[in-house]
Amino acid sequence: MDYLEIIGQQKLSGVIKISGAKNAALPLLASTILSANTINISNIPNVADIKTLLKLLGMLGATYKHDDTNITINTKTLNQTKATYEIVKTMRASILVLGPLLARFGHCEVSLPGGCAIGQRPVDLHLKALEQMGAKIEIKAGYIQATVDGALKGATIVFDKVTVTGTENILMAAALANGKTTIINAAKEPEVVQLCEVLKDAGVQIDGIGTNTITIEGSNKELLNFKPFSIIPDRIEAGTYLCAGAIANSTVRVQNVEPNHLDSVIAKFEEMGFVLSVDETSITIHPAHEIKPVNITTTEYPGFPTDMQAQFMAVATMANGVSIIDEKLFENRFMHVSELIRLGADITLNGTVATIKGTPNSLIGTDVMATDLRASSALVLAGLVANGVTKVHRIYHLDRGYDRLEEKLKNIDAQIKREQE
Ligand code: UD1
């Protein structure tokens, strides 16, 4: 198993090129199940989750060529409809094949994702919506078994909670359904928007893109003709490297980004006293005179993203004063807290609220354990400012979603290396 070794308290400086968004690439790759033609996709991030989904698509019968950041994929050859436990247990987002497989073949089996480190994460809303579209769903021996006679039927779906992959699953199912589907209380994340735009370019009539009410006119099982497309920049990766600049109180620029996807994140950096300069495709964070504490509540886009919560908590340990972080989306997304405490942070937890008593230069390097994707990056950030050596173990979590993290951090003068246990 690999771990990262970081020598902390180095000044950082430089530019980081941001990769394509994992959370956009995953639903878009799943959507290729709906395609009649071979598709070229560019700006694919080099992360483990993408390889996992490609493996699943390969098991279903797709053929593809994966060359660094480009993928050419053909799903005409699909001849299996089962997403096995072995795949789904390594990546919950495998649930994204449920909607498109059912819409295309009228039946499929997808292993039911279990709980995960950050909470229960049920998929009941995905299943209920598909049932409203005429699917019969049974849970048997740990598998979701879904069938429908003929095509799925357009329906009005009201999501009780805003769900990102739930919205994406129903968008893909609706694209091949018979009639019009309206999704009320839809997710508005940029990754959902890109999926809508790609489906629209492939011939599906979609209205309300980027709003919380989306309507989709289905093709009645006629497969779509996709155009080539490029994955949008990863706003969470960009936010994480801006946090590296923030925690080290250094000047760091992220480029190849879509700055307006990071509005809520930029606003929180500014509240903490950092100065940011933004142009069309890059954001630069400059040191703060004094890092101020901050209050954050995670919500759906365009609010502050839960996927940036752990990284901001790491930055808050360096502030002058008490920060409050309220995690509203996932009930257990605080696994990084005990590890940050091991590094010397003063954090108390009360339900969904973390109180962080920040003190500049208070962390001391030690061994810590990554527990989930974003928690891992928070530990790396803390390692950048801890006194001495920090070793972050179990970084397979990190590799799921960060493209060449240590290489990118070395480019901005961090002292970080990958070692084997
Ligand atoms: C996606 C992102 C993840 C991000 C999260 C919230 C991907 C691959 N993953 O996850 O990085 O942290 O959005 O922005 O895009 N819920 C239910 N029932 C359901 C579905 C969701 O109760 O059927 C709840 C969840 O437990 C959670 C909330 O709804 O409390 C939002 O979850 P959701 O938006 O579905 O998260 P994911 O799509 O799994």
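Some words on the overall build of the chain
- In terms of regular secondary structure, the chain is built from 14 helices and 24 strands.
- Here the chain, with 421 residues, has 57% of them falling under the buried criterion.
- The long-range share in the chain, meaning contacts at least 24 apart out of those at least 6 apart in sequence, stands at 74%.
- Entry remark: accessible area of the chain is about 16,200 Å², with carbon and sulfur atoms responsible for 47%.

Focus: the side chain of Q194
- Among the structural elements, Q194 can be located in helix α7 (residues 190-201).
- In this structure Q194 comes out as buried when scored by relative accessible area, which is 7%.
- A distance of 2.8 Å separates a polar atom in the side chain of Q194 from the backbone oxygen of S230.

Comments concerning the pairing of strand β16 (residues 275-278)
- As defined by bridge partners, β16 adjoins strand β17 (residues 282-286) across four bridges and the pair is classed as antiparallel. The residue bridging V278 from the neighbouring strand is I283, located in β17.
- Two successive antiparallel strands, β16 and β17, enclose a turn made up of three residues.

So, the packing of aromatic side chains
- Here the structure, examined in full by the defined rule, presents three aromatic pairs.
- Centroid distance F269 to F274: 6.1 Å. Interplanar angle 85°. Geometry classified as edge-to-face.
- Relative accessible area serves as the criterion here: at 0%, F269 is assigned to the buried category.
- Between F269 and F312, the ring centres sit 4.7 Å apart and the planes meet at 35°, which makes this aromatic pair tilted. Of this pair, F269 sits in helix α9 (residues 263-271) while F312 sits in helix α10 (residues 309-316), and the two are 43 residues apart along the sequence.
- Residue classification places F312 among the buried residues on the basis of a relative accessible area of 0%.

What about the site of the ligand?
- Close to the ligand lie 18 residues; L125, T163, T165, D307 and L329 are nearest.
- Taking D124, its side chain carries an N or O atom lying 2.7 Å from a nitrogen atom of the ligand.
- Protein contacts shield 88% of the accessible area of the ligand, which totals 740 Å² for the unbound molecule.
- Only α5 (124-132) and α6 (164-175) provide two or more residues apiece to the shell around the ligand.
- Element by element, the count of residues in the shell around the ligand is highest for α5, at three residues.
- Per-class residue counts for the shell around the ligand are eight nonpolar, five polar and five charged.

Section: unusual backbone geometry
- Residue P302 is bonded to the preceding Y301 through a cis peptide linkage, with omega at 10°.
- Note on placement: P302 falls in the loop between β18 (295-297) and α10.
- Of note in the backbone geometry, N361 takes a positive phi value of approximately 60° without being a glycine.
- In this fold, N361 is placed in the loop between β21 (353-358) and β22 (367-369).

A short note on the pattern of salt bridges
- One pass over the structure, following the stated rule, counts 14 salt bridges.
- Put simply, D326 and K328 hold a salt bridge, and the shortest N to O gap is 3.1 Å.
- Taking relative accessible area as the criterion, K328 reaches 54% and is therefore assigned exposed.
- Here R418 ties to D399 by a salt bridge, and the two come within 2.8 Å at their closest N and O atoms. Taken together, the residues R418 in strand β24 (residues 415-420) and D399 in helix α13 (residues 396-399) connect sequence positions 19 residues apart.
- For R418, a relative accessible area of 30% translates into the label partly exposed.
- Linked by salt bridges that have partners in common, D2, D399, E406 and R418 make up one network.

Quick notes on helix α2 (residues 48-60)
- Relative to the 18 Å expected for 13 residues at 1.5 Å per residue, α2 spans 19 Å between its end C-alpha atoms, a close match to the ideal helical length.
- When we look at burial in α2, the residues that qualify are D49, I50, T52, L53, L54, L56, L57 and L60.
- Buried-residue contacts for α2 involve α1 (22-31), β4 (63-67), β5 (70-74), β6 (82-83), α3 (85-88) and α4 (98-105).
- Among the residues trailing α2, G61 stands out with phi positive, at a value near 115°.

Parameters at a glance
Residues numbered from 1 in each chain as written. Predicted model: local features only at pLDDT ≥ 70, side-chain atom pairs only at ≥ 80, totals over all residues. Heavy atoms only, no water. Helix = DSSP H or I, 4+ residues; strand = E, 2+ residues; numbered from the N terminus. Buried < 20%, exposed > 50% of the residue type's maximum accessible area, 1.4 Å probe, protein only. Contact = heavy atoms within 4.5 Å. Areas by Shrake-Rupley, 256 points an atom, 1.4 Å probe, with all protein chains shown as cover. Polar contact = N/O pair within 3.5 Å; in protein donor to acceptor, adjacent residues only side chain to side chain. Pairing = 2+ DSSP bridges. Phe/Tyr/Trp six-rings, centres within 6.5 Å; stacked < 30°, edge-to-face > 60°. Near = heavy atom within 4 Å. Nonpolar A, V, L, I, M, F, W, Y, C, P; charged D, E, K, R; others polar. Salt bridge = Lys/Arg side-chain N within 4 Å of Asp/Glu carboxyl O. Expected span 1.5 Å × (residues − 1).

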